[in-house]
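Overview (structure and organization)
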Amino acid sequence: QVVYVTASLPYCVLIIYLIRGLTLHGAVNGLVYMFTPKLEQLSNPKTWISAATQIFFSLGLGFGSLIAFASYNEPSNNCERHAIIVSLINSITSIFASIVTFSIYGFKATFNYESCINKVILLLMNAFDLEEGSLTADNLNEMKDYLMATHPQEYTQLLPQLKNCSLEAELDTAVQGTGLAFIVYSEAIKNMEVPQLYSVLYFVMLLMLGIGSMLGNTAAILTPLTDSRVIAAHFPKEVISG
């Protein structure tokens, strides 16, 4: 019964994050980046090795938890059908979670990109005493060329302080593992409305995922012990389970 909560609650949180993520400014940029194939990456064998590793890890094939839970089925149970269903649910969940992640990741990248653009605009306006509104994100490159042509010495001195703002570069800074969970998401959440609510939801989801994984690993250890006739004959189930 505990597994029902630990397994279903993360889906509820992901749905909330999906609705919120799709309404964020720049979420489309992250989704376009996610679904745009990169042929140079697809031709790299390491990409497919990482994908296979992720599939085996997310299914938990080597931990024994699936075998332990499957041992409670009836002998007439259609294991082949259930194996296909579990694999499909796992893949769909991965795609679903990726959509949520990249929508929020696109928001973060767009926020950083626009912040970089605004800093460059402010720096140029203060350095060259430009009129407010004369320099925008749309005409930034043209104004850079104009200032470099009309004020070459001043522009050259200012050049080291001018950042090269690129949305593609922000999206390319992919982070994995704990960096994605505790750094990228945290930075994105703090820029949302009501960040405290989304922080609590996110870390409750991580807690439930951790508890669910530990319950599966525990079942993989306890199930063969409790099913063993030799051990079960000498020790009650409560003692084996601790």
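As shown above, the structure is provided for reference.
A brief structural summary. Quantities reported herein were computed from a predicted structural model and do not represent experimental measurements.

Cut-off values and rules
- Residues numbered from 1 in each chain as written.
- Predicted model: local features only at pLDDT ≥ 70, side-chain atom pairs only at ≥ 80, totals over all residues.
- Heavy atoms only, no water.
- Helix = DSSP H or I, 4+ residues; strand = E, 2+ residues; numbered from the N terminus.
- Contact = heavy atoms within 4.5 Å.
- Buried < 20%, exposed > 50% of the residue type's maximum accessible area, 1.4 Å probe, protein only.
- Salt bridge = Lys/Arg side-chain N within 4 Å of Asp/Glu carboxyl O.
- Expected span 1.5 Å × (residues − 1).
- Core = buried A, V, L, I, M, F, W, Y, C linked by side-chain atoms within 4.5 Å.
- Disulfide = S-S within 2.5 Å.
- Polar contact = N/O pair within 3.5 Å; in protein donor to acceptor, adjacent residues only side chain to side chain.

Our next topic: the side chain of Ser65. Secondary-structure assignment places Ser65 in helix α5 (residues 65-70). Residue contacts for Ser65: discarding those within four places in its chain leaves Gly60, Gly216, Asn217 and Ala220.

Now for the environment of Phe107. By the element assignment, Phe107 lies in helix α6 (residues 79-128). Each C-alpha atom of the pair Phe107 and Glu40 lies 26 Å from the other, and the pair is 67 residues apart in sequence. Setting aside residues up to four positions removed in sequence, Phe107 forms contacts with Leu24, His25, Gly26, Ala27, Ala188, Asn191 and Met192.

This paragraph deals with unusual backbone geometry. One non-glycine residue, Asp129, lies in positive phi territory at about 55°. Within the secondary structure layout, Asp129 lies in the loop between α6 and α7 (140-150). Taking the relative accessible area as the measure of exposure, Asp129 reaches 70% and is therefore exposed. Within the chain, Val194 stands out as a residue other than glycine whose phi angle is a positive 50°. With respect to the element layout, Val194 can be found in the loop between α10 (178-190) and α11 (195-227).

Turning our attention to the pattern of salt bridges. Inspection of the entire model under this criterion finds 1 salt bridge. Between Lys38 and Asp172 there is a salt bridge whose closest N-O contact spans 3.1 Å. Here the residue Lys38 occupies a position in the loop between α2 (27-35) and α3 (39-42), and Asp172 occupies one in helix α9 (residues 167-172), the gap between them amounting to 134 residues. Asp172 gets classed as partly exposed once you look at its relative accessible area, which sits at 37%.

In this section: helix α4 (residues 45-59). Spanning 15 residues, α4 covers 21 Å between terminal C-alpha atoms, matching the ideal 21 Å at 1.5 Å per step. Gly60 sits one or two residues past α4 and shows a positive phi near 65°.

Grouped together as the largest cluster of nonpolar side chains are 16 residues, with contacts concentrated most on Tyr17, Val100, Ile104, Tyr185, Ile189, Met192 and Tyr202. Where this core is concerned, the elements lending two or more residues are α1 (2-22), α6, α10 and α11.

For the rest of this paragraph, the subject is the state of the cysteines. For the structure shown, the criterion picks out 1 disulfide. One disulfide bridge connects Cys116 with Cys165, the sulfur atoms lying 1.9 Å from each other. Sign of the S-S torsion, about -80° for the bond between Cys116 and Cys165, identifies this disulfide as left-handed. Residue Cys116 is located in helix α6, and its partner Cys165 is located in the loop between α8 (152-158) and α9; the two are separated by 49 residues in the primary sequence. As far as burial versus exposure is concerned, Cys116 and Cys165 are alike and both buried.

Within the secondary structure, Ser103 sits in helix α6. Among the residues examined, Ser103 registers a relative accessible area of 0% and is labelled buried. There is a polar contact of 2.7 Å between the side chain of Ser103 and the backbone oxygen of Val100. Ignoring anything within four residues of it in the chain, the contact list for Ser103 reads Gly21, Leu22, Ala27 and Leu31.

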